[in-house]
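Okay, here's what each chain looks like letter by letter:
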Amino acid sequence: MEKTVITVVGKDGVGIIAKVCNYLASNNVNILDISQTITGGFFNMMMVVDPAGSSKDIALLSSELKQIGEEISVVIQAQNERIFDIMHRI
């Protein structure tokens, strides 16, 4: 199973989780793990998802999530789990 890591960062506001989760559900992307915190008014969420059920590839999912982020004033990134691991290895 190819997993995808989705990060959402920005100023906290109403409906951030709902927007992201509704988008994922409507595209048959299964949420495997989710962590969310708010610190000093800033929202931070990390999700591990399985996009295997979606008809969209990761590039399109990522692009559409980025657009949603722009609409709600947060930064949303989606990356293949292997790429995410390599980028965050020290």
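By convention here, each chain's residues receive numbers from 1 onward along its written sequence. Only residues with pLDDT of at least 70 are given local features in this predicted model, and only at 80 or more are side-chain atom pairs given and counted; all residues enter the totals for whole chains, interfaces and linings. Remark: hydrogens and water are excluded; side-chain values derive from all non-hydrogen atoms of the structure.

K.L.:
Would you mind going over the nonpolar core in detail, with residue names and values included?
P.N.:
Formed by 17 residues in total, the largest nonpolar core has its most connected members in Ile6, Val8, Val20, Leu24, Met47, Leu65 and Ile76. Those elements that place two or more of their residues in this core are strand 1 (4–11), helix 1 (16–26), strand 3 (42–50), helix 2 (58–71) and strand 4 (74–80). In this description, contact between two residues means that some pair of their heavy atoms is separated by no more than 4.5 Å. Setting aside residues no more than four positions away along its own chain, Ile76 makes contact with Ile6, Thr7, Val8, Val20, Leu65, Lys66, Ile68 and Gly69. The nonpolar core is taken to be a set of buried Ala, Val, Leu, Ile, Met, Phe, Trp, Tyr and Cys residues, with the residues joined through side-chain atoms within 4.5 Å. Per-residue accessibility, obtained with a 1.4 Å probe over protein chains only, is compared with the maximum for each type, and a residue is labelled buried under 20%, exposed over 50%, and partly exposed between these values. Helix and strand assignments follow DSSP, with helices taken as H or I runs no shorter than four residues and strands as E runs no shorter than two, numbered in order from the N terminus.

K.L.:
Explain unusual backbone geometry to me, and be specific about the residues and the numbers.
P.N.:
Despite not being glycine, Asn28 shows a phi value in the positive range, around 55 degrees. In this fold, Asn28 is placed in the loop between helix 1 and strand 2 (30–39). By relative accessible area, which is 52% here, Asn28 ends up exposed. The phi torsion at Ser73 lies on the positive side, around 65 degrees, for a residue other than glycine. Within the fold, Ser73 resides in the loop between helix 2 and strand 4. By relative accessible area, Ser73 is classed as exposed at 58%.

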